[in-house]
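Chain and residue survey
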Amino acid sequence: MTRPIRVLIAKPGLDGHDRGAKIIARALRDAGMEVIYTGLRQTPEMIAEAALQEDVDVVGLSILSGAHMALVPRVREALAAQGLDNVPLILGGIIPEADHAPLRELGAAGIFGPGARTEEIAAFIRQLVNVKPTLEDV
Amino acid sequence: MLARLLNGDRRALARLLTRIENQDTDAVAMLTALYAYTGRAHLIGVTGAPGTGKSTLVSALTRALRERGRTVALLAVDPSSPFTGGAVLGDRVRMRDLAGDSGVFIRSMASRGGLGGLARTTRDMARALDAAGFDFVLIETVGAGQSEIEIARLAQTVLVVEVPGLGDDVQAIKAGILEIADVLVVNKADRPGAENTVRALRTMLELGHAAARERLRADFTVEDRVENTVLSDWMPPIVQTVASEGRGIGAVIEALDAHRAYLRSNGHWEQIERRQLELELLHRLRDGLLERLLDQLSMGEIGAVIDQVQSRAIDPYTAVSRMLAETTMMIDQSHSER
Ligand SMILES: Nc1nc2c(ncn2[C@@H]2O[C@H](COP(=O)(O)OP(=O)(O)OP(=O)(O)O)[C@@H](O)[C@H]2O)c(=O)[nH]1
Ligand SMILES: [Mg+2]
C-alpha cells in the first residue's frame, strides 16, 4: 500500500483571504493527499513547528500580500531551525514573473500563479516527493 | 530512536508517529521498545457531532492544563475521503494559540481505511505520545459512527460535546453517544437553549443510568465498563462552556480530575486497562492466527472449494470445518518441524 503524501498548507502574512488556500487544500485532497490546513496569519515559526509535528512531505504557502520576497527566506530559516532543511517549499498566489527566479534561489521549489491547474500542482508535488529522499533515517 | 524519544526529541516523535501511521515494518520494533514507558498519561477521548466546537474546546482545555503545569499531546482525527483516500485536516486552525509551546504537541491524522485499523493505529500513536512523557493525551474524533466508540474505548475518560438547539427533544441526541460519555459538555452555551439541553441530557442520563444500575447489580463485571461504559456509581457531570471565550473550562478540568480520581480510588483504572489489554491481545491473536491459516491455503485451493460449494457437491459448513482441520494440522506440523 502506498502511503498518502502529507502536505501542510499555510497562509503566512497579514492578509485575510484564505479562499485560494482552501481551494488548493481541497484539490490536493481530491488528488489523494492528506492536507493539514493551518489557517490564516501564520508566522514562519508556527509554520515550521506545524511542519515538524505533522511530519509533512511538502509545505505549501499561499501568499497574496506581496510580501513573498521577505516571507520565503524567513520560512526557510524557520524550517532549518527545526532541522527541516530538506522539506520542499512551494508557493501559490499572486507572484510577479520577475520574482520567480530569485524566489527559487531563496529556496522555493515550485511557484504557481492563480491560473495554475490543480492537476499540475498535484503532479509537481508527487514528483517532488518521489525525488526527495523522504524515508531517510533521522 | 527510543533514547531520543524519551529525551523529548520532537522530530524523533513526529517521525515515529508517521511510521506507526503508515504501519511500517519497523514500527513494531519501536513500539516494543517503548511499551515499558507507557501507562502514565491520562488518555481522554473528545467526541461530538461536526462543528460542535471540539477543537476550540480542546485548545482551551490545553491552555488551561498548561497553566497548571501539565503537558498535553493532541491527536485530531478527521475522516479520509472514501473516493480518493485524501483528506483535509483542519483542526489546527482552532489551535493557533498553542503555537510555540514545547509542552504541547499537536498531530492531525486521517482515518484512512478501516475501523479496526484506525483504532489500532490511534492506540499505538497514543502510546508513543504517552512514552514521550505527556501528562495528557487528548484524542479528538468526529462523532459520526462506530469509529468514535472504538476510539473512545482506548481512553480512560470520554468527553462528549453537545450544543444547544436540541430543545427538549431527547431524540435529537445520537443514540449510543451518551452511553460512552464520562463527562458531558454543552458547548456554545452563549446560544439560546443551553439550559434546556442540559435538562434533556440529565433526564436521559438518569433514565439510562437507572437501567444500567439494574443490569450491573445483577451481573457486575468490569467488562460492563468497556462494553457499555456506564459504570456503577459514576454519574457523568454536565458542564456548560463557551469554548471560544474560554468560559467554563475550569469546570471541565475539575470534571476530568474528578473522573480520574474516581477511577483511581476504586481500582477501576487498572481494571479498565486490563480489559483493554485483553481485547488488544485477543485481536492480535486473531489476526496472527488468521494470517497463518491463510498462509497455508493457496488461492487455487480456496477456488477449488468454492467450485464444489457452488455445484452443491459440498455445503459451506462442512467445507470450512474440513479446511480448518487440514490447515491447523499443517500448522501443527510446521511447528514440530521447527
Ligand atoms: N458561539 C460559539 N461558537 C463557538 C464556540 N466554540 C466554538 N465555536 C465556533 O464553532 C465553530 C466550529 O468550531 P470547531 O472547534 O472547529 O468545531 P469542531 O467540533 O472541532 O469541528 P469539526 O472538527 O469540523 O467537527 C467555529 O466557528 C468556532 O469558532 C462557543 O462556545 N460559542
Ligand atoms: Mg475539529
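My aim in this report is to walk through the structure given alongside it, one point at a time.

Analysis parameters
- Residues numbered from 1 in each chain as written.
- Chains lettered and ligands numbered in written order.
- Predicted model: local features only at pLDDT ≥ 70, side-chain atom pairs only at ≥ 80, totals over all residues.
- Heavy atoms only, no water.
- Helix = DSSP H or I, 4+ residues; strand = E, 2+ residues; numbered from the N terminus.
- Buried < 20%, exposed > 50% of the residue type's maximum accessible area, 1.4 Å probe, protein only.
- Contact = heavy atoms within 4.5 Å.
- Areas by Shrake-Rupley, 256 points an atom, 1.4 Å probe, with all protein chains shown as cover.
- Pairing = 2+ DSSP bridges.
- Axes fitted to C-alpha atoms, helices over the stretch in contact; angles between N-to-C directions.
- Polar contact = N/O pair within 3.5 Å; in protein donor to acceptor, adjacent residues only side chain to side chain.
- Donors = N, O, S within 2.8 Å, 3.2 Å for Na, K, Ca; no water.
- Core = buried A, V, L, I, M, F, W, Y, C linked by side-chain atoms within 4.5 Å.
- Phe/Tyr/Trp six-rings, centres within 6.5 Å; stacked < 30°, edge-to-face > 60°.
- Lys NZ or Arg CZ within 6 Å of the ring centre and 35° of its normal.
- Near = heavy atom within 4 Å.
- Nonpolar A, V, L, I, M, F, W, Y, C, P; charged D, E, K, R; others polar.

Moving on: the overall build of chain B. When you go through chain B residue by residue, the secondary structure sums to 12 helices and eight strands. Within chain B, buried positions represent 48% of all 338 residues. Contacts spanning at least 24 positions in sequence make up 76% of the contacts within chain B whose residues lie at least 6 apart. Working note: accessible area of chain B is about 16200 Å², and carbon and sulfur atoms make up 53% of it.

Here we take up the sheet that holds strand β4 (residues 89-93) of chain A. Sheet architecture is open: six strands sit in the order β5(A)-β4(A)-β3(A)-β1(A)-β2(A)-β3(B), paired in parallel fashion. Pairing within the sheet leaves two strands with one partner each, and these edge strands are β5 (110-112) of chain A together with β3 (87-89) of chain B. Strand-to-strand twist across the sheet, computed as the mean angle between neighbouring axes with direction ignored, equals 20°. Examined bridge by bridge, strand β2 (residues 34-37) of chain A and β3 of chain B share three bridges and lie parallel to one another.

Here we come to the sheet that holds strand β2 (residues 72-78) of chain B. Residues and elements named next belong to chain B. Spatially, β4-β2-β5-β1-β6-β7-β8 is the arrangement adopted by the seven strands of the open sheet, whose pairing is parallel. The open sheet is flanked by β4 (104-110) and β8 (238-240), the only strands paired with a single partner. The average undirected angle you get between the axes of adjacent strands in this sheet is 20°. Those strands touched by helix α4 (residues 54-67) are β1 (42-48), β2, β4, β5 (136-142), β6 (157-162) and β7 (183-186), and its axis lies near 170° from that of β5.

Our next topic: the side chain of T18 of chain B. You can see T18 of chain B is positioned in helix α2 (residues 10-21). Only 3.1 Å separates the side chain of T18 of chain B from the backbone oxygen of A14 of chain B, close enough to count as a polar contact. In contact with T18 of chain B, other than residues within four places in its own chain, are D55 of chain A together with R107 of chain B.

The next point concerns the coordination of the magnesium ion (ligand 2). Residues and elements named next belong to chain B. The protein atoms that coordinate the magnesium ion (ligand 2) are S55 (OG), D91 (OD) and E140 (OE), at distances of 2.1 to 2.2 Å. Within one chain, the residues serving as donors to the magnesium ion (ligand 2) are arranged as S-x35-D-x48-E. Highlighted residues: D91 in the loop between β3 and β4 and E140 in strand β5, separated in sequence by 49 residues. Accessibility classification places D91 together with E140 in one group, the buried group.

To continue, consider the nonpolar core. Residues L13, L129 and V137 of chain B are the most contacted members of the largest nonpolar core, which totals 30 residues. Those elements giving two or more residues to this core turn out to be α2, α3 (27-34), β2, β4, α5 (115-131) and β5 of chain B. Counting residues per element, this core draws most heavily on α5 of chain B, at six residues. Sequence-distant contacts of L13 of chain B, defined by excluding residues within four places in its chain, comprise L5, F105, A128, L129, A132 and F134 of chain B. Counting 28 residues, the second-largest nonpolar core is a separate cluster that includes A51, L52, L89 and L103 of chain A.

The next thing to look at is the packing of aromatic side chains. One pass over the structure, following the stated rule, counts three aromatic pairs over all chains. Directly above the ring of W269 of chain B sits R264 of chain B, whose terminal nitrogen or CZ lies 3.9 Å from the centroid.

All names here are of chain B. Burial of β6 is extensive: six of the six residues sit out of reach of the surface. Residues T157, L159 and V161 point to one face of β6 and V158, V160 and E162 to the other, with burial holding for every one of them. Across five bridges, the pairing between β1 and β6 is parallel. Bridge pairing in β6 links T47 to V160. Sheet topology places β6 next to β7; four bridges connect them, and they run parallel. Within the sheet, the bridge partner assigned to V161 lies in β7 and is V185.

Residues and elements named next belong to chain B. The environment of ligand 1 is made up of 16 residues, and the closest members are G53, K54, S55, T56 and D190. R94 has a polar side-chain atom sitting 3.1 Å from an oxygen atom of ligand 1. Note that a nitrogen atom of ligand 1 is positioned 3.4 Å from one of the side-chain N or O atoms of S244. For ligand 1, whose accessible area on its own is 650 Å², the fraction buried by protein is 75%. Looking at which element gives the most residues to the shell around ligand 1, the answer is α4, with three residues. Classifying every residue of the shell around ligand 1 gives three nonpolar, seven polar and six charged.

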